[in-house]
Amino acid sequence: MQNIKALKTKKGRDEAGLFMIEGERFISEIPHHIRITKYLAAKRYATSHDMAKYHAPVEVIKDGLFDSLADTKNPQGIMAICEKFYWSLADLPEDGFILMGENLNDPGNIGTLIRTAAAAGAAAVVLTEGSGDVFNPKVLRATTGAAFRLPVIQDVSLAEAAAAVKQAGFAMYAAHLHGETTPYKVDMAGKCCILIGNESHGLSEAATAAATKLIRLPMASDVESLNASMAGGILLYEAVRQRL
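Values in this document were obtained by computation on a predicted structure and should not be read as measured data.

I'm lost on the overall build of the chain in this one. Help?
Within the chain, the regular secondary structure consists of 10 helices and 10 strands. Viewed in the frame of its principal axes, the chain has a C-alpha envelope of about 60 × 40 × 35 Å. Evaluated residue by residue, the chain yields a buried proportion of 51% over its 244 residues. In the chain, of all internal contacts separated by at least 6 residues, the share reaching a separation of at least 24 is 76%. Surface accessibility of the chain: about 11800 Å² in total, with carbon and sulfur atoms responsible for 51%. Distance from the positive charge centre (25 side chains) to the negative charge centre (27 side chains) of the chain: 5 Å.

Can you walk me through the side chain of Glu-238 in this structure?
Looking at where Glu-238 falls in the secondary structure, it is placed in helix α10 (residues 228–243). Exposure remark for Glu-238: the relative accessible area of 5% places this residue in the buried category.

When you look at the pattern of salt bridges in this model, what are you seeing that I'm missing?
It is possible for side chains bearing opposite charge to pair when their charged atoms get close. In the structure shown here, the tally under the stated rule is 13 salt bridges. For Lys-138, the salt bridge is made with Asp-71, and the minimal N-O distance between the two is 3.5 Å. Pair noted here: Lys-138 is in helix α7 (residues 137–143) and Asp-71 is in the loop between α5 (63–69) and β4 (78–83), with a separation of 67 residues, a long-range link. The class for Lys-138 is partly exposed, based on a relative accessible area of 42%. Residues joined by salt bridges that share partners form a network here, namely Lys-10, Asp-14, Lys-84 and Asp-155.

Just to check I follow, could you spell out helix α6 (residues 107–120) for this structure?
Spacing of three or four residues puts side chains on the same side of an α-helix, whose turn is 3.6 residues. End to end, α6 covers 20 Å across 14 residues, agreeing with the expected 20 Å (1.5 Å per residue, within 8%). All buried positions along α6 are accounted for by Asn-109, Ile-110, Gly-111, Leu-113, Ile-114, Thr-116, Ala-117 and Ala-120. Those residues of α6 that are buried are in contact with β5 (97–101), β6 (124–128), α7, β7 (152–156) and α10. Positive phi appears at Gly-121, one or two residues downstream of α6, with a value of about 90 degrees.

For this particular structure, what's the right way to read the sheet that holds strand β1 (residues 18–22)?
Each strand in a sheet pairs with its neighbour through backbone hydrogen bonds, running either in the same direction (parallel) or in the opposite one (antiparallel). Read from one edge of the open sheet, four strands run β1-β4-β2-β3, paired in mixed fashion. If you trace the sheet from one side to the other, it starts and ends with β1 and β3 (58–61), each paired once. Mean inter-strand twist for the sheet, computed between neighbouring axes without regard to direction, equals 25 degrees. Note that strand β2 (residues 36–42) and β4 share five bridges and pair antiparallel. Its bridge partner being in β4, Lys-38 is matched across the sheet by Ile-81.

Help me understand the packing of α6 against α10 in this model?
Relative orientation and spacing of two packed helices are given, respectively, by the angle between their axes and the distance between those axes. With their axes 9 Å apart at the nearest point, α6 and α10 run at an angle of 10 degrees to one another. The orientation of α6 relative to α10 falls into the category roughly parallel. For the pair formed by α6 and α10, the contact residues are Asn-109, Thr-112, Leu-113, Thr-116, Ala-117, Ala-119 and Ala-120 on the first element and Ala-228, Ser-229, Gly-232, Gly-233, Leu-236, Tyr-237 and Val-240 on the second. Split into classes, the residues belonging to the contact of α6 with α10 amount to eight nonpolar, six polar and no charged.

Can you walk me through the sheet that holds strand β10 (residues 213–215) in this structure?
Overall, parallel pairing links the six strands, which are arranged β7-β6-β5-β9-β8-β10 in an open sheet. Two strands lie at the open edges of the sheet, namely β7 and β10, each paired on one side alone. On average, adjacent strands in this sheet sit at an angle of 25 degrees to one another, irrespective of strand direction. Pairing of β5 with β6, which is carried by four bridges, proceeds in the parallel orientation. Bridge pairing in β6 links Met-100 to Val-126. The strands that helix α8 (residues 158–167) touches are β5, β6, β7, β8 (171–175) and β9 (192–196); relative to β5, the one it contacts most, it runs at about 170 degrees. Running at roughly 165 degrees to β9, α10 makes contact with β5, β8, β9 and β10 of the sheet.

Definitions and cut-offs
Sequence positions are assigned chain by chain, starting from 1 and proceeding in written order. This being a predicted model, a pLDDT of at least 70 is required before a residue's local features are given, and a value of 80 or more before pairs of side-chain atoms are given or counted; all residues contribute to the totals for chains, interfaces and linings. The side-chain quantities take in all heavy atoms of the structure and omit both hydrogens and water. The secondary structure listing takes helices from DSSP runs of H or I that are at least 4 residues long and strands from runs of E that are at least 2 residues long, numbered from the N terminus. Exposure classes here rest on a 1.4 Å probe applied to the protein chains alone. A residue is buried below 20% of its type maximum, exposed above 50%, and partly exposed in between. It only takes one pair of heavy atoms within 4.5 Å for two residues to be counted as in contact. Accessible surface is estimated by sampling points in the Shrake-Rupley manner with a 1.4 Å probe; for residues, cover comes only from the protein chains shown. Only four residue types enter the tally: Lys and Arg on the positive side, Asp and Glu on the negative side, with His and both chain ends excluded. We put the charge of a Lys on NZ, of an Arg on CZ, of an Asp on CG and of a Glu on CD. By definition here, a salt bridge exists when the distance from a side-chain nitrogen of Lys or Arg to a carboxyl oxygen of Asp or Glu is within 4 Å. Every helix has an expected span of 1.5 Å times one less than the residues it contains. Two strands qualify as a pair provided that DSSP identifies no fewer than 2 bridges between them. Fitted lines through C-alpha atoms give the axes, limited to the stretch in contact for helices. The angle between two N-to-C directions lies from 0 to 180 degrees. Comment on the angle field: the value is read as roughly parallel under 35 degrees, roughly antiparallel over 145, roughly perpendicular from 65 to 115, and oblique elsewhere. Put simply, Ala, Val, Leu, Ile, Met, Phe, Trp, Tyr, Cys and Pro go in the nonpolar bin, Asp, Glu, Lys and Arg in the charged bin, and everything else, Gly too, in the polar bin.

Written out as structure tokens, the structure reads:
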């Protein structure tokens, strides 16, 4: 079971080409294009549920062992081991609006941004290299399945991502403390990419230089900045508002 425990780390997931999904509801949302190699079930779960509904091999293990492998505090008792799947910059949409995160690290922020992007109807999410792994169990839980419903392109360089986005005809609006204007004064009803920077350091100089325009959210004078996922959510829904 050591190889399963390794899936809690990015290195382990990359080496195995696998990731884990916990919980009955979350597992039920796995789309058909994701291959499930097997299920792990705690004995307590297997004895009280119909395991025949799971269309892959099921391995029943002791409760204590399952709990040690799980990533949640109170595991339900069922886990799916899945093959990783990948999106690339070639999968960028032809229209709509997209979200790009530069060097985002917090799993909760990444998951919330992906979930919000899906809810807002964004066509894709791009995470530059240095950002957290979308297959991190904490990120996946925070997305509530949204990572399965829209392309999430990750581990791409900022330079490549910016070039691809611009070549596809998207304006890049970067959230910046010293933005020259507000999102309410730019055209977010057209093809656009909303760029959010690192939670602590904001956008790099390279990202700032790559932006079509720097935008800022109006804030009271005694407030420095907003949480990355909150700022991203406001900007995503401004794109929605302008399309209504």
